[in-house]
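# Structural characterization, general
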Amino acid sequence: GWQQRLRTASGPGGQPLPTEPPFGPMIVGIDGTVFERISGLPDDASGLQMSPLGDAIAFMTDGRVATIRLDGTGLRILTDDTRNSAGDAHEAVTWSPDGEQIGYVANDDVYVMNRDGSNVRRLTTHSEGDYYPSWSSQGEIAFWHGSLVGVDGGPADSEIHTIAAGGGTPIRLTHNDVSNIQPDWSPDGERIAWVGVQDCVTVLRVHDLESGAERVG
């Protein structure tokens, strides 16, 4: 995505680490250079997102939100089972720009909490499902909304919405017959990119918030 999820870190002497097996979760540069392997993660860890502070990683494990330090210590399980519908386009975690809060999905709605698991707030209350939150530098959270059916790739009726991280009324951005999922923001918070799926064809779509223009990338 546009947002830099993982900051790079050098190995001993500032040299990139070797890339021979065993492979696993890693911190890499934008050119693919491996700088550090991440140890201590559960085997089923998914959706890894590095804090903007560069000090921890948030992820999903066994249906729960967790964090761990970059050195593999300090594993913390922050939520109970989030009980979301199945599918890899459903569960995701996202950090606030200051690294002090985490957005996630539980019971098919978007929530935010402090990074230590306290002060949990529910942002959406749709009768269907709201998934895959992405937090912008401007304090907005994008997500996709759709029916509780369909697995990987999202249901055909899924649409992109945004909501203020502090709460409010969601704004619907897309109105089409494409499965719109997995939104991600530009660094300036002015554009949103997401995956559009129709008839088994996947395309990248980009929406400009100021002009309302949408293009296929």
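Residues numbered from 1 in each chain as written. Predicted model: local features only at pLDDT ≥ 70, side-chain atom pairs only at ≥ 80, totals over all residues. Heavy atoms only, no water.

### Observations regarding the overall build of the chain
When helices and strands are counted, the chain shows zero helices and 18 strands. For the chain, the residues scored as buried account for 43% of the 217 residues in total. Considering only contacts in the chain between residues 6 or more positions apart, those separated by 24 or more positions represent 37%. (Helix = DSSP H or I, 4+ residues; strand = E, 2+ residues; numbered from the N terminus. Buried < 20%, exposed > 50% of the residue type's maximum accessible area, 1.4 Å probe, protein only. Contact = heavy atoms within 4.5 Å.)

### With respect to the packing of aromatic side chains
Per the stated rule, a full pass over the model turns up two aromatic pairs. Plain terms: the ring middles of Tyr104 and Tyr111 are 5.8 Å apart, the flat faces sit at 25 degrees to each other, and that makes the pair stacked. Taking the relative accessible area as the measure of exposure, Tyr104 reaches 4% and is therefore buried. Ring plane angle 45 degrees and centroid distance 4.8 Å describe the contact between Tyr131 and Trp144, whose orientation is recorded as tilted. With a gap of 13 residues between them, Tyr131 in strand S11 (residues 129–135) and Trp144 in strand S12 (residues 140–146) connect regions that are remote in the sequence. Among the residues examined, Tyr131 registers a relative accessible area of 0% and is labelled buried. Judged by relative accessible area, which is 0%, Trp144 ranks as buried. (Phe/Tyr/Trp six-rings, centres within 6.5 Å; stacked < 30°, edge-to-face > 60°.)

### Here we look at the sheet that holds strand S17 (residues 201–208)
On the basis of which strands lie adjacent, the open sheet formed by four strands has the order S15-S16-S17-S18 and antiparallel pairing. Lying at the two open borders of the sheet, with one neighbouring strand each, are strand S15 (179–185) and strand S18 (214–216). Across the sheet, the mean angle from the axis of one strand to that of its neighbour is 25 degrees, orientation sign disregarded. Two strands pair when backbone bridges link them, and S17 and S18 are joined in this way by three bridges, in the antiparallel orientation. Within S18, the residue paired with Val206 across the bridge is Arg215. (Pairing = 2+ DSSP bridges. Axes fitted to C-alpha atoms, helices over the stretch in contact; angles between N-to-C directions.)

### Topic: the pattern of salt bridges
Counting across every chain of the model gives five salt bridges. We note a salt bridge from Arg205 to Glu214, for which the minimum N-O separation is 3.2 Å. Arg205 gets classed as buried once you look at its relative accessible area, which sits at 16%. Given a relative accessible area of 35%, Glu214 falls into the partly exposed group. (Salt bridge = Lys/Arg side-chain N within 4 Å of Asp/Glu carboxyl O.)

### Notes on the pairing of S12
Within S12, six of the seven residues are buried, which leaves it mostly tucked inside the rest of the structure. Of the pairings in the sheet, the one linking S11 to S12 comprises five bridges and is antiparallel in character. Residue Gly129 lies in a different strand from S12, and its bridge partner there is Gly146. Connecting S11 to the antiparallel partner S12 that follows it, the hairpin turn spans four residues, and Gly139 within it adopts a positive phi of roughly 85 degrees.

### So, the sheet that holds strand S6 (residues 76–77)
With respect to topology, four strands assemble into an open sheet ordered S3-S4-S5-S6, the strand pairing being antiparallel. Across the chains shown, the open sheet's two edge strands, defined by having one partner strand only, are strand S3 (46–50) and S6.

### Here we look at the side chain of Thr79
Within the secondary structure layout, Thr79 lies in the loop between S6 and strand S7 (94–95). A distance of 3.0 Å separates a polar side-chain atom of Thr79 from the backbone nitrogen of Val65. Setting aside residues no more than four positions away along its own chain, Thr79 makes contact with Arg64, Val65, Tyr104 and Met113. (Polar contact = N/O pair within 3.5 Å; in protein donor to acceptor, adjacent residues only side chain to side chain.)

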